[in-house]
Amino acid sequence: MRGSFDARNRCASGAYELFAADGGAAHVSLFASGSEVALAVEARKLLAARDIRARVVSVPCFELLFALPEAERQAITGSAKVNIAVEAGIRQGWDAIIGSNGAFVGMTGFGASAPYQDLYRHFGLTAGKVVEAALSKV
């Protein structure tokens, strides 16, 4: 998913800002990888409708992100007051990005089998749940 053309390989840093917050500094940073990025983008729009500025950061590779010097990592992760990870998996690894006070919207267990749309609803992996998590922290 891209907002505009960029010749750089933005994935080479392990993470990159996909969409900046509109209208100023971000209140919320939404971090996601893979298909969950679309949920974060949808949540960003829903938050904007509530006058909450959110940015979306795609995180395709933790290892590459963690290998960056601290200043470069911080430039990517940003300084929003609220950090939320959106993951169709468990929280493991995300605290290094969102902090121990960050919110996690994802699964807490495994074993269910169904079409992904049904599983996302079952586990609360929806844009609405991301918005709820943001509102609880803002």
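Check the entry above for the structure.
All values derive from a computational prediction rather than experimental measurement.

The next subject is the nonpolar core. Counting residues in hydrophobic clusters, the biggest one holds 27 residues, and the most contacted among them are V28, L30, V56 and I84. Elements represented by at least two residues in this core include exactly β1 (16-19), β2 (28-32), α1 (36-48), β3 (54-58), β4 (82-87), β5 (103-106) and α6 (127-137). In terms of nonpolar packing, the next biggest core, distinct from the first, is built from 13 residues, F31, V57, W94 and I98 among them.

Turning our attention to the packing of α1 against α6. Two elements in contact, α1 and α6, have axes whose closest approach is 8 Å; the angle formed by their N-to-C orientations is 55°. As the angle between them shows, α1 and α6 are arranged oblique. Handedness of the α1/α6 crossing: right-handed. Two secondary-structure elements touch here, α1 through L39, E42, A43, L46 and L47 and α6 through A127, G128, V130, V131 and A134. A per-class count over the contact of α1 with α6 returns 8 nonpolar, 1 polar and 1 charged.

Right, let's get into α6. Since there are 3.6 residues in each turn of an α-helix, residues three or four apart along the chain are aligned in direction. Turning to α6, its buried residues are A127, V130, V131, A133 and A134. Projection of α6 onto a plane perpendicular to its axis shows the buried side chains occupying an angular sector of 160°, all on one side.

Summed over all chains, the structure comprises 3 aromatic pairs. Summarising the aromatic geometry, the rings of F62 and F66 are spaced 5.7 Å apart at their centres and angled 50° between planes, so their arrangement reads as tilted. Here F62 and its partner F66 are both found in helix α2 (residues 62-67), 4 residues apart, which amounts to about one turn of the helix. Geometrically, the ring pair formed by F62 and W94 is edge-to-face, given 4.8 Å between the ring centres and 85° between the ring planes. Remark: W94 occurs in the loop between β4 and α4 (95-98) and F62 occurs in helix α2; sequence separation between them is 32 residues.

Inspection of the secondary structure puts T77 in helix α3 (residues 70-77). Those residues in contact with T77 that lie beyond four places of it in its chain are S29, F31, R55 and I97.

The tally for this structure, following the rule as stated, stands at 6 salt bridges. We note a salt bridge from R91 to D95, for which the minimum N-O separation is 2.6 Å. Overall, D95 belongs to the partly exposed group, its relative accessible area being 36%. Between E132 and K129 there is a salt bridge whose closest N-O contact spans 3.7 Å. You can see E132 and its partner K129 sitting in helix α6, 3 residues apart, about one turn around the helix. Taking relative accessible area as the criterion, E132 reaches 47% and is therefore assigned partly exposed. By relative accessible area, K129 is classed as partly exposed at 37%.

How each quantity is defined
Residues numbered from 1 in each chain as written. Predicted model: local features only at pLDDT ≥ 70, side-chain atom pairs only at ≥ 80, totals over all residues. Heavy atoms only, no water. Core = buried A, V, L, I, M, F, W, Y, C linked by side-chain atoms within 4.5 Å. Buried < 20%, exposed > 50% of the residue type's maximum accessible area, 1.4 Å probe, protein only. Helix = DSSP H or I, 4+ residues; strand = E, 2+ residues; numbered from the N terminus. Axes fitted to C-alpha atoms, helices over the stretch in contact; angles between N-to-C directions. Parallel < 35°, antiparallel > 145°, perpendicular 65-115°, else oblique. Left-handed = near helix turned anticlockwise from the far one by under 90°. Contact = heavy atoms within 4.5 Å. Nonpolar A, V, L, I, M, F, W, Y, C, P; charged D, E, K, R; others polar. Arc of directions from axis to C-beta. Phe/Tyr/Trp six-rings, centres within 6.5 Å; stacked < 30°, edge-to-face > 60°. Salt bridge = Lys/Arg side-chain N within 4 Å of Asp/Glu carboxyl O.

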